[in-house]
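Each chain, letter by letter, is given below.
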Amino acid sequence: MSKTIAFIGLGIMGLPMAKNLVTAGFDVRGFNRTPAKAESLAEAGGSAAATIAEAVAGADVIITMVPDSPDVEAVLTGDDGILAHASAGATWIDFSTIRPDVAKDLAEQAKAAGLKPLDAPVSGGEPGAIDGVLSIMVGGDKADFDAVSDVFDAVGKTIVLVGPSGAGQTVKAANQLIVAGNIGLLAEAVVFLEAYGVETTPALQVLGGGLAGSKVLEQKGQKMLDREFGPGFRLELHHKDMGIVTAAAREAGVAIPLGASVAQLVAATVQQGNGGLDHSGLFTVVEQLSAKNEG
């Protein structure tokens, strides 16, 4: 029997993920604060719910994909939220990226209400969401994880249970640290190459074939060369994620000097009003700093 899935949060990542679940044969009911997104899911073969309560009623699996810790908490614990209306025994998968300590606390509340919580943040950006090849790091009980493997397989390619509740969010924080560092160094490399008049497209091609190669270089290099920063993953969200990383590092007594520096660059870009750009738009601040040095 096909699972009934409630999908809450149909943004840049959530909508294509929900559509992939429809394609995989699941009965998907979507809710989004902007109703047009839910209608887009309905046009793809799912259905649109007017409220969270309507979306989760009788659902076997409840998925959340919203921007930040307070949003997940509100969706879960609000009067019209998941805990108030979900069926006991349902699995709750949170694909959002939030603080690990919040994920643990909400998982405990979900378990107390009879739900099976899995924190499962994703990496791969909008292209990965569209193509159904996301990397998914999951925290929770193995039996609960195994029971919804078909759901994960419909939206991801690399899916790994990394530990108990909260572990998925901890691994995602490490992911965002690495990605931000790579973007920052790629931006510096592009500015450096351009300063010397190098043919940048072939330069990035040959760099991509060696140890410097990465998904970041592959997906973000040309965007920097073209100064085209339409959002796949917005800087304001990566700024939020770097706040999670730096706070967790302080709590653990871990030094992240490079991470702290790139977090400042991300914050500066957002403060300039560019939080809506793709995170490759970090290039704009690096380019500005280079221009000041030339001056």
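The structure contained in this document is the topic of the report that follows. Bear in mind that the values here come from a model prediction, so they are computed numbers and not experimental data. (Residues numbered from 1 in each chain as written. Predicted model: local features only at pLDDT ≥ 70, side-chain atom pairs only at ≥ 80, totals over all residues. Heavy atoms only, no water.)

1. Some words on a nonpolar patch on the surface
Residues Val160, Val162 and Val171 make up a contiguous nonpolar surface patch of roughly 190 Å² in combined accessible area. Position of Val171 relative to the elements: it lies in helix α10 (residues 167–195). Taking the relative accessible area as the measure of exposure, Val171 reaches 33% and is therefore partly exposed. (Patch = residues over 30% accessible without salt bridge, like charges linked within 9 Å, V, L, I, M, F, W, Y side chains within 5 Å. Areas by Shrake-Rupley, 256 points an atom, 1.4 Å probe, with all protein chains shown as cover. Salt bridge = Lys/Arg side-chain N within 4 Å of Asp/Glu carboxyl O. Helix = DSSP H or I, 4+ residues; strand = E, 2+ residues; numbered from the N terminus. Buried < 20%, exposed > 50% of the residue type's maximum accessible area, 1.4 Å probe, protein only.)

2. Quick word on the pattern of salt bridges
Considering all chains together, one arrives at 9 salt bridges under this definition. One salt bridge in this structure joins Asp101 and Arg99, with 2.6 Å as the shortest N-O distance. On the basis of relative accessibility, which here comes to 38%, the residue Asp101 falls in the partly exposed class. Exposure remark for Arg99: the relative accessible area of 40% places this residue in the partly exposed category. Linked by salt bridges that have partners in common, Glu194, Arg227 and Glu287 make up one network.

3. Brief notes about helix α12 (residues 215–226)
Over its 12 residues, α12 extends 18 Å from the first C-alpha to the last, a length consistent with the 16 Å expected when each residue adds 1.5 Å. For α12, every residue scored as buried is listed here: Val216, Leu217, Lys220, Gly221, Lys223, Met224 and Leu225. The backbone nitrogen of Val216 has a side-chain oxygen 3.3 Å away, supplied by the residue at the start of α12, namely Ser214. One or two residues past the end of α12 sits Arg227, with phi positive at roughly 50 degrees. (Expected span 1.5 Å × (residues − 1). Polar contact = N/O pair within 3.5 Å; in protein donor to acceptor, adjacent residues only side chain to side chain.)

4. Looking at the packing of aromatic side chains
Scanning the model with the defined rule gives 4 aromatic pairs in all. When the centroid spacing of 5.6 Å and the interplanar angle of 40 degrees are considered together, the rings of Phe145 and Phe152 count as tilted. According to the relative accessible area criterion, Phe145 is buried, its value standing at 14%. Phe152 gets classed as buried once you look at its relative accessible area, which sits at 1%. (Phe/Tyr/Trp six-rings, centres within 6.5 Å; stacked < 30°, edge-to-face > 60°.)

5. Here we look at the nonpolar core
In this structure, Met17, Leu21, Ile93, Phe95 and Phe152 are the most contacted members of the largest nonpolar core, which totals 31 residues. Put simply, the parts of the chain that give this core at least two residues each are β1 (4–8), α1 (14–23), α2 (35–43), β4 (61–64), β8 (134–139) and α9 (149–155). By residue number, the principal contributor to this core is α1, which donates 5 residues. Every residue in contact with Leu21, bar those within four places of it in the chain, is listed here: Ile5, Phe7, Phe26, Val28, Ile63, Val151, Ala154 and Val155. (Core = buried A, V, L, I, M, F, W, Y, C linked by side-chain atoms within 4.5 Å. Contact = heavy atoms within 4.5 Å.)

6. Considerations on the layout of surface pockets
Here the second largest pocket is characterised by a volume of approximately 340 Å³. What lines the second largest pocket is a set of 17 residues, and nearest its centre among them are Pro100, Thr170, Ile244, Ala248 and Ala249. Elements with a minimum of two residues in the lining of the second largest pocket: α6 (100–112), α10 and α13 (235–252). Examining the composition of the lining of the second largest pocket, we find that 7 residues originate from one element, α13, more than from any other. Here the residues of the lining of the second largest pocket are counted per class, giving 12 nonpolar, 1 polar and 4 charged. Lining the lining of the second largest pocket are residues from two domains, each supplying at least three of them: domain 1 (2–162) and domain 2 (169–288). (1 Å grid on protein atoms, 1.4 Å probe; cavity = no way out; pocket = protein on both sides within 12 Å on 5 of 7 lines; lining within 4 Å. Points joined across faces, edges and corners; volume = space filled by probe spheres on them. Nonpolar A, V, L, I, M, F, W, Y, C, P; charged D, E, K, R; others polar. Domains from an automatic or database assignment.)

7. Comments concerning empty space enclosed by the protein
Per the stated rule, a full pass over the model turns up 1 cavity of 30 Å³ or more. By volume, the largest cavity is sized at about 50 Å³. Lining the largest cavity are Trp92, Asp94, Ile98, Ala103, Ala107, Pro117, Leu118, Asp119 and Ser165. Elements that contribute at least two residues to the lining of the largest cavity include exactly β5 (91–94), α6 and β6 (116–119).

8. A short note on helix α11 (residues 200–208)
Those residues of α11 not exposed but buried are Thr200, Ala203 and Leu204. All buried residues of α11 lie within an arc of 95 degrees about the axis, which places them on one face of the element. Across α11 from its buried face, at more than 90 degrees, point the exposed residues Gln205 and Val206. If you follow the buried residues of α11, they end up packed against α10 and α12. (Arc of directions from axis to C-beta.)

9. A few points about unusual backbone geometry
If you check the backbone angles, Arg227 has positive phi at about 50 degrees while not being a glycine. Looking at the element boundaries, Arg227 is found in the loop between α12 and α13.

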